[in-house]
Amino acid sequence: MHSMIVPMGQHQLPKLAYAYNALEPVISSRLLQIHHDLHHKAYVEGLNKAELKLSEARRKRDFSLIKHWERELAFHGSGHILHSIYWTSMAPLGNRWETPGAQTIKHIMSYFDSLAIFGEQFTEAAINVEASGWALLVWQPAWGRLEILTIEKHQDLFQAGGIPILVLDVWEHAYYLDYQNKRKDYVTAWWQLVNWQDVERRLMLAMQAQMPLS
């Protein structure tokens, strides 16, 4: 993800930190390449287009299509952000932390009582997302703790202010080629890839954020 200001309409598809076949056998090389190179790229292009169209609308002071382009901005922008986190949320088998980092496990235990209960809730949340969407572990700066949320169609059912720490894509394009309609099998297998080192890094950064409610 970017740590600097991105010029309007110039978002780019991030490179993967591993080879296409690095997540096998959980995610096949062909699926990963299609998902990253085609699906994620489409969100980047859609986001750039929406930003430029909104810039044009401001220049012309013609906001007749504002509802459409704001929806496009939310949909494609969220798609780009979530996919970018999704790629870093995973690491090749044998090349990752096997357990959560110190801060991650501390906050999981504090709120969810145990790592097992957290895993069960996250898994069931992912399996039960209606149609297409995501399961997320977020840091909520408004109340200083973690929370599990789900998103449908990228921008729906989200809690304002939540900062994604760990995300799981359960759109069919993320698993259908390998698992067909067996989403549960995909979600269960995905835990083998979780990059706990990146989760810890994101949590440490998110904990620096503040969202005063008064």
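Quick note: structure is the one above.
Predicted, not measured: the structure shown is a model, and the values here were computed from it.

Caption draft 1: Up close: helix H7 (residues 196-206). All buried positions along H7 are accounted for by Trp196, Asp198, Val199, Glu200, Arg202, Leu203 and Ala206. Its buried side turned inward, H7 meets helix H2 (66-88), helix H3 (102-112), helix H4 (115-127), strand E1 (133-140), strand E2 (145-152) and strand E3 (163-169).

Caption draft 2: Representation of the pattern of salt bridges in the model. This model, assessed by the stated rule, comprises 5 salt bridges. With a closest N to O distance of 3.6 Å, glutamate 98 and arginine 96 form a salt bridge. Judged by relative accessible area, glutamate 98 falls into the exposed class, the value being 55%. Its relative accessible area of 16% is what places arginine 96 among the buried residues. Of the charged contacts in the structure, one is a salt bridge between arginine 201 and aspartate 198, with a shortest N-O distance of 2.7 Å. With arginine 201 and aspartate 198 both in helix H7 and 3 residues apart, the pair spans about one turn of that helix. Take aspartate 198: its relative accessible area is 8%, and that puts it in the buried class.

Caption draft 3: The environment of asparagine 195, seen in detail. As for its placement among the helices and strands, asparagine 195 is situated in the loop between helix H6 (183-190) and H7. Spatially, the C-alpha atom of asparagine 195 lies 9.5 Å from that of tryptophan 87, the residues being 108 residues apart in sequence. The contact partners of asparagine 195, leaving out residues within four places of it in the chain, are Thr88, Ser89, Met90 and Ala91.

Caption draft 4: Layout of the nonpolar core. Of all hydrophobic cores here, the largest spans 51 residues; its most connected members are Tyr86 and Phe122. Ranked by the residues each element gives to this core, the list is headed by E1, at 6 residues. With residues up to four places along the chain from it excluded, the contact list for phenylalanine 122 reads Ala135, Leu136, Leu137, Ile148, Leu166, Leu168, Trp190 and Trp191.

Caption draft 5: Layout of the sheet that holds E2. Taken in spatial order, the 3 strands of this open sheet run E2-E1-E3, and their pairing is antiparallel. With partners counted over all chains shown, the strands left at the sheet margins are E2 and E3, one partner each. Taken over all neighbouring pairs, the strand axes of this sheet differ in orientation by 20° on average, direction set aside. Summarising the sheet, E1 and E2 pair through 8 bridges and their orientation is antiparallel. Within E2, the residue paired with tryptophan 139 across the bridge is leucine 146. Seen against the sheet, H3 touches E1 and E2 and runs at an angle of roughly 80° to E2.

The rules we used
Residues numbered from 1 in each chain as written. Predicted model: local features only at pLDDT ≥ 70, side-chain atom pairs only at ≥ 80, totals over all residues. Heavy atoms only, no water. Buried < 20%, exposed > 50% of the residue type's maximum accessible area, 1.4 Å probe, protein only. Helix = DSSP H or I, 4+ residues; strand = E, 2+ residues; numbered from the N terminus. Contact = heavy atoms within 4.5 Å. Salt bridge = Lys/Arg side-chain N within 4 Å of Asp/Glu carboxyl O. Core = buried A, V, L, I, M, F, W, Y, C linked by side-chain atoms within 4.5 Å. Pairing = 2+ DSSP bridges. Axes fitted to C-alpha atoms, helices over the stretch in contact; angles between N-to-C directions.

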